[in-house]
Each structure stands twice: as structure tokens, then as C-alpha cells.
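Residues per chain are reported as follows:
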Amino acid sequence: MQYAKPLTAEDKLELEKLYEKIQSKTATVLGYPVAMDFDYSELYRFLKFPINNIGDPFIESTYGIGTREMEREVLDFFAELFRAEENEWWGYITNGGSEGNMYGLYLAREIFPKAMVYYSESTHYSVQKNLHLLDMPNIAIRTQENGEIDYNDLHDTIRMNRNMPVVVFANIGTTMTEARDDVKKIRDIFKDLAIHHCYIHADAALSGAYSPFVDPRPAFDFADGVDSIAVSGHKFLGSPIPCGIVLAKKTHRDRIANSVAYIGTADTTISGSRNGITPLFLWYTIKRYGIEGLKLRTEKCLQVAAYAMEELNKIGLHAWRNTNAITVVFSEINKSLQLKWQLASDNGNTHLICMPGISKERIDLLIKDILGTKN
Ligand SMILES: *Cc1c(COP(=O)(O)O)cnc(C)c1O
């Protein structure tokens, strides 16, 4: 590092304080969906290179410092898990679920420029912004008590606009209650109304990485009828850097492919330069866990969620959760405890999310805190 000087004592102290704050905040997360049990130290040596997966992951770039081969392995793993037709899919590692959702809507708009987008009231806040950026007309659909889309309202609303192509933005695990919209039921509505120009994007940011492992398997993937699907990588899988996976039917991607001579690859992704480290993290995760390990992780999370629900009910907090959800919804608690345990709240309810790394002991500490402030 020519021309650089060492940090001053003051700067070092600042770093030390930051480290301590992050460490202590990590020990008391319960309300945000981030896995905390990852260890990527075996990969730290790669951080000294200017890694960049610029452009399309399936077309080599003239820039050679990248991890495309690992990125493709990760995509292949999830394409199979989400039952995409062999050689008929495409995708890339994104900066997170929101980018994947935006990508799905972008593809939908390029195919059906005059479509109406339908999404439930429980949809993630980022989607409104994406629809605004993409300038797509849209209608919010009512949700059922549990956060799942109201299929009757969806049916009636599509019928009223049946002259327009239909894009449904389906939730596979809503932010507040982890409700999953049923993609097969949505397809049935299209059939019933004889809608042929249609597209379904699955926002599986929260639950996509473990939904294949729960029984009964929810209807959410390509075999069930989605056109594209987005998952967050830093949630269930775990990553110190936000990331995600987006997959789509290959024919959809081909419509937007545009080859660019300067980078020697196709500009098929939203950002130009792309993170090459996060694909490496995800690759490491799928190699070390495999299907079996991810299944066991899922079961563990479900057990902790069942335990949390039971313990919260014991102290009278009206806890409930959706089928095979690792999110437990319960009555709002004292503000200072909500801050301490980083619990988001909405309409008198709050939730905790039993991501990998959340132990029963952490649930016990929360319960103890709640009981402590009651007396
Ligand atoms: C987290 C989340 C998003 C946004 O994903 P990011 O990875 O934070 O960009 C979108 N939808 C749902 C349901 C989510 O849980």
C-alpha cells in the first residue's frame, strides 16, 4: 500500500468500538431473518483480489478475475432444487432478494409491456418502489388473516381486468407472518378465466432456501408454474455480505440479452460489475451442507420455532405461526425489549424468526426479559 500510512491510535479505537457493538448486536438478533452460524474463514484469502463477475455468468468475460464457475454451480444447485427444466433456465447471483424481484418484474414487463401486476397487501415494501421504477400498473389484493393472498379477491380483480395480460407477484414467505401464496391455486385462477398471457414471479427471498425441505412441499417453484424466482442468500443460507439468487426461464432472459463488446460478455444483469465473493460463500455453503445438511438445518429451525411459540403462549402472548414457518408472530412487547431484541412490529404484533444460529437458549433469554419487565 504505497503512500498509505498506519491507522492512528484514535482510528484503531474507533474500529475496536465498532467491533464490540457488532458483536453485541449479533448476540441479540431475533426479529430479522439472518443466519448467524456461518464460518467462511477458509475463504478469507480470496479477499485480497479484485474479484468481479461482471456481466452474464454463463458467458466468459475478457476480465479474468472472477468466480463464474462457482456461481454457475450455485445456480445449478438451486435450479434443480426449484425443479427448473434442464437447460431451460438462466439466472445469476444478485445483491439480494429485492434485486431478484426487480429482475423478475423486468422480465415480465419485457414480455408483456401492457400487463397489470397483482400482489397481496402483505408484499415486501421494496416491491412498490420496483413497480414505480419499472412504471408498471398494479393492484394490491387483500390478504387472509394469516398473510396469504385472498384467492377470491385475486380471481375477481383479474376478471375485471381480463383484457390485460396478468403478472402475479407471489409471496413465498411474507415478511411479517411468513405466509406462502399457493402458485398452483394462482394457475387455477388463470385457467378458470382463460387467461393465456400471464407470468408469475415468486418472491421467495425469505423462505425459498428451505421451502423445498418442508412437508408438505409448498407450491412455489418452476414445476408448480412460476416463470422466475428470487431468494436472498444472506437469510437462511447465511452471508456477511447481502446477496441473492434469481432464476428465470431461459426464453425470458433471451428476450433481453444484449451482447456488449467492451466486456466481452452479455449485459443481462441489473448491475454491471457484480460481486464475485458472495457466489463463493454460497458455493461453500452448498458444498459443506448439501441437500442433507440443509434439510437438517430446516428441521432444527422448525423445532426452535415450535419451542418459541409454546414458551410465548405459556406467558400469555398469543403466539402463532403458519404451517412450516420459522416465524412466530405474537403480541407486541415493551418497546425497550423490542429494541434490544431487534423485533420489528406492525399493527400491535411483532415476530421473531428462528433462523439457523438462533438457539432455544436465546428464546429463553427473551422470555426471561419479558417476565422481568412484567413484574
Ligand atoms: C428480505 C425480503 C425481501 C428483500 O430481500 P433483500 O435480500 O433484503 O433485498 C423481499 N421480500 C421478502 C418477503 C423478504 O423477506
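To keep things clear, this report deals only with the structure shown in the data block. (Residues numbered from 1 in each chain as written. Predicted model: local features only at pLDDT ≥ 70, side-chain atom pairs only at ≥ 80, totals over all residues. Heavy atoms only, no water.)

Moving on: the overall build of the protein chain. In terms of helices and strands, the protein chain carries eleven helices and twelve strands. Compactness check: the protein chain gives a C-alpha radius of gyration of 22 Å against a globular reference of 21 Å for 375 residues, within 12% of the reference. Each of the three principal axes of the protein chain carries a C-alpha extent, and together these read 60 × 60 × 40 Å. Across the 375 residues that make up the protein chain, the buried fraction comes to 53%. At a minimum sequence separation of 6, the contacts of the protein chain that also span at least 24 residues come to 70%. Summing over all exposed atoms, the protein chain offers an accessible surface of approximately 18,300 Å²; the carbon and sulfur share of this is 52%. (Helix = DSSP H or I, 4+ residues; strand = E, 2+ residues; numbered from the N terminus. Rg over C-alpha atoms; globule rule 2.2 N^0.38 Å. Buried < 20%, exposed > 50% of the residue type's maximum accessible area, 1.4 Å probe, protein only. Contact = heavy atoms within 4.5 Å. Areas by Shrake-Rupley, 256 points an atom, 1.4 Å probe, with all protein chains shown as cover.)

Close contacts around the ligand come from 13 residues, with Gly97, Ser98, Asp203, Ser232 and Lys235 the closest. At 2.7 Å, a backbone N or O of Gly97 approaches an oxygen atom of the ligand. Between Lys235 and the ligand, the recorded distance is 2.8 Å, taken from a side-chain N or O atom to an oxygen atom. Relative to its unbound accessible area of 380 Å², the ligand is 86% covered by the protein chains. Among the elements of the structure, helix H3 (97–111) and helix H7 (234–238) are those that each provide at least two residues to the shell around the ligand. Partitioning the shell around the ligand into residue classes produces two nonpolar, nine polar and two charged. (Near = heavy atom within 4 Å. Polar contact = N/O pair within 3.5 Å; in protein donor to acceptor, adjacent residues only side chain to side chain. Nonpolar A, V, L, I, M, F, W, Y, C, P; charged D, E, K, R; others polar.)

This part takes up helix H4 (residues 126–134). Among the residues of H4, those classed as buried are Ser126, Val127, Asn130, Leu131 and Leu134. The buried residues of H4 all sit within an arc of 135° when viewed along its axis, so they share a single face. In this structure, H4 carries Lys129, His132 and Leu133 as exposed residues pointing more than 90 degrees from its buried face. Its buried side turned inward, H4 meets H3, strand S2 (116–120), strand S3 (138–141) and strand S4 (166–171). In the segment just after H4, Asp135 is the residue with positive phi, at about 55°. (Arc of directions from axis to C-beta.)

With that out of the way, let us pick up the pattern of salt bridges. Counted under the stated rule, the structure contains 20 salt bridges. Salt-bridge contacts for Arg274 lead to Glu71; the nearest nitrogen and oxygen are separated by 2.8 Å. Of this pair, Arg274 sits in the loop between strand S9 (265–266) and helix H9 (277–314) while Glu71 sits in helix H2 (residues 68–81), and the two are 203 residues apart along the sequence. The buried category is assigned to Glu71, whose relative accessible area is 0%. Here Asp227 and Lys249 are joined by a salt bridge, their closest N and O atoms 3.7 Å apart. On the criterion of sequence distance, the pair formed by Asp227 in the loop between strand S5 (198–203) and strand S6 (228–232) and Lys249 in strand S7 (residues 244–249) is long-range, its members being 22 residues apart. Look at Asp227 and you get buried, because its relative accessible area is 5%. Through salt bridges with shared partners, a single network forms among Arg83, Lys184, Arg217, Asp221 and Asp224. (Salt bridge = Lys/Arg side-chain N within 4 Å of Asp/Glu carboxyl O.)

It is worth spelling out the sheet that holds S6 at this point. Pairing is mixed across the open sheet formed by seven strands, whose spatial order is S1-S7-S6-S5-S4-S2-S3. Pairing within the sheet leaves two strands with one partner each, and these edge strands are strand S1 (89–94) and S3. Taken pair by pair, the neighbouring strands of this sheet meet at an average axis angle of 15°, ignoring direction. Strands S2, S3 and S4 of the sheet are contacted by helix H5 (residues 151–160), whose axis makes an angle of about 155° with S3. Relative to S5, helix H6 (residues 183–192) is tilted by about 165°, and along the sheet it contacts S4 and S5. (Pairing = 2+ DSSP bridges. Axes fitted to C-alpha atoms, helices over the stretch in contact; angles between N-to-C directions.)

All right, on to the side chain of His234 then. Structurally, His234 is set in helix H7. The exposure class assigned to His234 is buried, which follows from its relative accessible area of 19%. Within the structure, the side chain of His234 is placed 3.1 Å from the backbone oxygen of Cys243, a separation counted as a polar contact. The contacts of His234, once residues within four sequence positions are left out, are Pro33, Val34, Ala35, Gly96, Ser239, Ile241, Pro242 and Cys243.

We now examine the sheet that holds strand S11 (residues 345–346). Taken together, three strands build an open sheet; the order of strands is S10-S12-S11 and the sheet is antiparallel. Of all the strands in the sheet, just strand S10 (327–331) and S11 have a single pairing partner and so form its edges. Two strands pair when backbone bridges link them, and S10 and strand S12 (residues 349–353) are joined in this way by five bridges, in the antiparallel orientation. From the neighbouring strand, Val328 faces S12, where its bridge partner is Leu352. Its contacts with the sheet put H9 on S10 and S12, and the angle it makes with S10 is roughly 10°.

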